[in-house]
Structure formats: C-alpha cells, structure tokens
Amino acid sequence: MKKNKISGFVYSWKVAPYVFVLPFIITFLVFWIYPFVSSILMSFQSILPGEIKWIGLENYTKLLKDKTFHLAIKNSFIYTVITCALLIPFPMLFASILNSAFLKGKTTFKAILYIPALTSVAVAGMIFGFMFSELDGSTANQLLHAFGYPSIKWLKGYATGWLAMVMLCCWRWTGVNMLYFLSGLQGIDASLYEAADIDGATRWQKFRLITLPLLKPTWIYVLTISIYAGLAMFLESYMMWGGNSSPKNIGLTIVGYLYRRGIERNQMGYASAVGIVLLVIALTINFIQLTISGTFKKEQ
C-alpha cells in the first residue's frame, strides 16, 4: 500500500514537473549559489592555512590601492573593447557573404571558419605562443624575414603581445559568431528584400533598413557573450606566455590576477574580493549595453 502511494506521488501531474527540474535545481544550488555565497563571505575574510579571520572591508580597501589590480582591469577592459569591435562587424560581413546567392562552396567556407572553435584553448594558446615566439624560426619572424625585416620579440612588447592575443581571439571565435549571424540572416523573410528591390532600394539601404533591425536580437546576444568572454579571458594568455607572469604584466587580466592571488599566493579571501568585483563589473557593463540597446524596454 505504501509503495502504491509513493508511485502515485511520483507520477502525479502536479509533482512530475518538479521531479524533472529537480536535477537542474540541485546543480544550480550546489555549483552556483553555494560557491557564490561562499565567495561573498570569503571576500570579507583573511584565509590562511589553518586560520580564517573576519576582516570586514579590508580586502576591498586594498583593491582600491592595488596598482596591479588596476592594470588587470585596464587590460581586460581594453581586450574586451577591441575583441567586441572586431568580432561583431566582421562575422556579420562574412555571414552576409555566405548568405548571398552568388557564393559557391558555402559548406566548405563554414567548416574552415568554424574549425578553430573546436580547438582546445590550451592548444591554441600554445600554438600562437610558438608562432609569435622570439626565435628566428617562428612563423611571425619568418614572415618578417620575407619582407626584409629582422626578428623581433613579439611577446615581450606591449603592442605586439596584444596583437598576438587579439589574433588568437579572432581566429577562434570569428566562425562561431558568423554562424550566429548566419542563422539570424536565414530567419529574415526574403519577401522583404524582394519588396525593397521593387521600390528601388540599394544594397546599403536594404542592409541598413532591413538586415540590421531584424538582426538586432542576434547582435545583442553576440555582444553580450563577447563582453563576458573578454572579461573572463585567462587561459589564452596563460598558455601563450607559458604561465601567469607575462613581461610587465602585458597579458595580465582580472581572472589572471584572481588566479595569482588565490592559487599561486594562497590568498583566497583577497582573490574572492577580486572575483566579486569582476562580477559587479561584468553585470554593470552588460546591464548598460542591454539598456542602451533597448532590450529592457517594454513592448507597446
């Protein structure tokens, strides 16, 4: 009798939905809410081996005076701006070309542009580290030699080091963003372009008045994930420089600084404060861009 009651409870129409969502709720609580709350508490503590002490806002006041942390914020912000400026217009352009009727071999081009995204970040970082190494036989220096220029130390200069990081990012993510835009373009009704042709609209007018407005949900999504990816960048820099100590902290990001404090120096309380500040920065930037783009506006 008891077994029948349990079976009836599990297979109840009212209970079944909660049974199906229970794995997600448990995963969300264990792997997101619990670490998030723990990080907030740890950011107000000094955590050393065998010693945990409540210190209030001391970690945050130290961050205000920490010049290395300020440099990490600056690097992450510049990296995010540059990558967003490149990873939205160019993938959109490539998607428009692939969506056109005159291009042949579209499947091949899609595969070529998407394959880099399948490469491990660690492997890609190592490959680009070798390509831009200071050795005469590196790919970048061989290219310079072909034009009659001497070898340079790519990863030890600020501009050249950043060039390598941005190229790695664009190489990996251009194909992914292109597919997002391509799916958005293929969802636009072709009759709109036909009507524009009848009215004598130019290609630019069709792009500006039809394509861009109808692609708005797509480019807002791509911009949002690109901001997150830019602020969260760490492993690419770590693998490219073979560690978390690039010359003059050229490749140091906020996540890299969190790793340095928390893992390398075992200052988990201070690292938690860095993580909370990163979360606030990411939420603020995305909230601003979503507000400006009109995402939060109520439909009339």
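Note that the coordinates shown come from a computational prediction; the quantities given were computed from them, not determined experimentally.

Reading the values: the criteria
- Residues numbered from 1 in each chain as written.
- Predicted model: local features only at pLDDT ≥ 70, side-chain atom pairs only at ≥ 80, totals over all residues.
- Heavy atoms only, no water.
- Helix = DSSP H or I, 4+ residues; strand = E, 2+ residues; numbered from the N terminus.
- Expected span 1.5 Å × (residues − 1).
- Contact = heavy atoms within 4.5 Å.
- Buried < 20%, exposed > 50% of the residue type's maximum accessible area, 1.4 Å probe, protein only.
- Pairing = 2+ DSSP bridges.
- Core = buried A, V, L, I, M, F, W, Y, C linked by side-chain atoms within 4.5 Å.
- Axes fitted to C-alpha atoms, helices over the stretch in contact; angles between N-to-C directions.
- Left-handed = near helix turned anticlockwise from the far one by under 90°.
- Nonpolar A, V, L, I, M, F, W, Y, C, P; charged D, E, K, R; others polar.

## Some remarks on helix α15 (residues 268-292)
Moving on, step 1. In this model α15 runs 36 Å from its N-terminal to its C-terminal C-alpha over 25 residues, within 8% of the 36 Å that 1.5 Å per residue would give.
Moving on, step 2. Where α15 is buried, its residues touch α2 (16-42), β1 (45-48), α3 (58-65), α4 (67-86), α12 (216-231) and α14 (254-264).
Moving on, step 3. Taken from the residues just after α15, Gly294 is the one with a positive phi, measuring 85 degrees.

## Re the environment of Glu58
Moving on, step 1. Within the secondary structure layout, Glu58 lies in helix α3.
Moving on, step 2. As for Glu58 and Ser46, which are separated by 12 residues in sequence, their C-alpha atoms are 9.0 Å apart.

## Here we look at the pairing of β1
Moving on, step 1. Alternating residues of β1 divide into Gln45 and Ile47, all buried, and Ser46 and Leu48, none buried.
Moving on, step 2. As defined by bridge partners, β1 adjoins strand β2 (residues 51-54) across 4 bridges and the pair is classed as antiparallel. Bridge assignment links Ser46 to a residue of β2, and that residue is Lys53.
Moving on, step 3. Adjacent in sequence and paired antiparallel, β1 and β2 are bridged by 2 residues, among which Gly50 carries a positive phi angle near 80 degrees.

## Considerations on the nonpolar core
Moving on, step 1. By size, the foremost hydrophobic cluster in this structure holds 32 residues, and its most contacted members are Leu63, Phe69, Ile88, Ala95, Phe181, Tyr257 and Val274.
Moving on, step 2. Within the residue set of this core, elements represented by two or more residues are α3, α4, α5 (89-99), α9 (158-186), α12, α14 and α15.
Moving on, step 3. Once you skip the residues sitting within four places of it in the chain, Ile88 turns out to touch Phe181, Val222 and Leu223.
Moving on, step 4. In terms of nonpolar packing, the next biggest core, distinct from the first, is built from 20 residues, Phe132, Leu155, Trp162 and Trp241 among them.

## A closer look at the packing of α4 against α12
Moving on, step 1. Orientation of α4 relative to α12, taken along the N-to-C sense of each, is 145 degrees, at an axis distance of 8 Å. Both α4 and α12 take part in a crossing whose hand is right-handed. Two secondary-structure elements touch here, α4 through Ser76, Tyr79, Thr80 and Cys84 and α12 through Leu223, Ser226, Ile227, Gly230 and Leu231.
Moving on, step 2. In the contact of α4 with α12, the residues fall into 5 nonpolar, 4 polar and no charged.

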